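# Commentary on secondary and tertiary structure
Residues per chain are reported as follows:
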Amino acid sequence: MTAIIGVPHMNAGDGETSYANNSLLQRVVISKARPIMEETIENMFSTTIFPGCFNVVDLGCSSGPNTLLVISEILDIIHEMCQQVNRKTPEFQMFLNDLPGNDFNTIFKSLPAFYKQRKLKGSSSKSCFISGVPGSFYGRLFPSRSIHFMHSSYSLHWLSEVPENLELNNKRNIYMAKSSPSCVYNAYLEQFQRDFSLFLSLRSEELVCGGRIMLTFIGRSITDPSSKDCCYLWELLTKSLLELVDEGLVEEAEVDSFNLPYYTPYEDEVRQIVLKQGSFHLDKLEIFGVNWDPSDYVSSKRCVFNEYSSGKNVANCIRAVAEPMLANHFGDSIIDPLFAKYATHVAEHLAVEKTKHINIVISMTKK
């Protein structure tokens, strides 16, 4: 599989399997991470002078109902904070970043409604200026020392490219799996180390001294890189693909040559990269879980309430993210049968064991 350079495009549009209709997981994660965002911004303004214009970046913003959610929360936090200390709210320059193929036009068309909503909340639309910035966050995006606060949610587990030599060493898998040899785990870790180090270096050039950055991404809770935390969701997709191989709809060589540009780090791996790269103080690192099916609010810890509904929800969520990559490699014709099988396998798993995505949130200060 060729390099994708940055976060893959989500399924566009507003159909059943689009990102717009399958973004609840990210919304739940953003909500759970909000207390850390509040603390980060409050600490920033307790130690620095309020700028006349506060420059904010959301990296990997995508296009959907969550795109303007983070910006709205940042505005709410700072507006409330300024009221508490009787200070004038600064102007805001908000930059929305994603790959050039992102549907920025849909975002821009939603801005009048966003500004109207802000006005109803008592905020002036004249003090908030929103721009799109197309480009990979594995390259420079902004002038030196120009940004005060950076945010990214559910983007940095996507690598800049697939690690090398996986086609030979990771046959009949599309990601790290129990059956993968150790060289596959090492290749993924080394790629993440290179990518995350580069990302931190680039962002350190763009942030002002004392600027803050908050990142949320999928990780794992234990050191084992083949743990169910991070791999089993993709092993079930591999299982579905191999069933299509048995049915003659997919060539086995096509499965062998496809690997995901994705990595779910352990918290110590993240700490070590931040420390070694050296541009940031790591202020906070927290971990929390969210159900594979975020709409499953049943208190049972053992299994979901309706495995078939949850199986479909999870399958649609993964499809919204992975379909463009899969269709590009295997063709459009296999997508519907693939995810029908996948929904069944996920349902069978969730009927026995409720599983969670492990999320890592870090807040850092530019040295």
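Per an unreviewed UniProt entry, the protein chain goes by the name Carboxyl methyltransferase and belongs to Melia azedarach.

Let us now look at the overall build of the protein chain. Helix and strand counts for the protein chain come out as 10 helices and 7 strands. Rg of the C-alpha trace for the protein chain: 21 Å, near the compact-globule value of 21 Å for 367 residues, within the 12% margin. Its C-alpha atoms give the protein chain principal-axis dimensions of about 65 × 45 × 40 Å. Split into buried and exposed, the 367 residues of the protein chain put 57% on the buried side. For the protein chain, the share of sequence-separated contacts (at least 6 apart) that also reach a separation of at least 24 residues comes to 84%.

Across the sheet, which stays open at both edges, the 7 strands sit in the order E3-E2-E1-E4-E5-E7-E6 with mixed pairing between neighbours. Only two strands of the sheet have a single partner each, and these edge strands are strand E3 (128–134) and strand E6 (280–291). Within the sheet, the average angular offset between the axes of one strand and its neighbour, ignoring direction, is 15°. Examined bridge by bridge, E6 and strand E7 (residues 356–366) share 11 bridges and lie antiparallel to one another. Pairing of Leu 282 across the sheet is with Met 364, part of E7. In this fold helix H2 (residues 69–84) packs onto strand E1 (53–59), strand E2 (91–98), E3 and strand E4 (147–153), with an angle of close to 155° to the strand it touches most, E2.

Among the secondary structure elements, Ser 180 is positioned in the loop between helix H4 (166–169) and helix H5 (182–206). As a C-alpha pair, Ser 180 and Ala 253 span 73 residues in sequence and 17 Å in three-dimensional space. Non-local contacts of Ser 180, meaning those with residues more than four positions away in its chain, are made with Asn 170, Asn 173, Tyr 175 and Tyr 185.

Our focus in this paragraph is the state of the cysteines. Per the counting criterion, the structure on display carries 0 disulfides. This cysteine, Cys 128, is not joined by any disulfide, and Cys 53 carries the nearest cysteine sulfur, 9.4 Å off. By relative accessible area, Cys 128 is classed as buried at 5%. Of the cysteine sulfurs around Cys 317, a residue in no disulfide, the closest is that of Cys 230, at 16 Å. We classify Cys 317 as buried; its relative accessible area is 15%.

So, how was this worked out
- Within each chain, residues carry numbers counting from 1 in the order of the written sequence.
- Two thresholds apply to this predicted model, a pLDDT of at least 70 for residue-level local features and 80 or more for giving and counting side-chain atom pairs, whereas whole-chain, interface and lining totals are computed over all residues.
- As a rule here, side-chain values come from all non-hydrogen atoms in the structure, and water together with hydrogens is ignored.
- Secondary structure elements are defined from DSSP: runs of H or I of at least 4 residues count as helices, runs of E of at least 2 residues count as strands, and each element is numbered from the N terminus.
- Every radius of gyration here is taken over C-alpha atoms, with the globule rule written as 2.2 Å times N^0.38, N being the number of residues.
- The classification of residues rests on relative accessible area computed with a 1.4 Å probe and restricted to protein chains. Under 20% of the type maximum is buried, over 50% is exposed, and intermediate values are partly exposed.
- Here, residues are in contact when the closest pair of their heavy atoms is within 4.5 Å.
- Two strands form a pair only when DSSP identifies at least two bridges running between them.
- The axes are straight lines fitted to the C-alpha atoms, using for helices just the contacting stretch, and the angles between their N-to-C directions are given from 0 to 180°.
- When the sulfur atoms of two cysteines come within 2.5 Å, that pair is taken as a disulfide.

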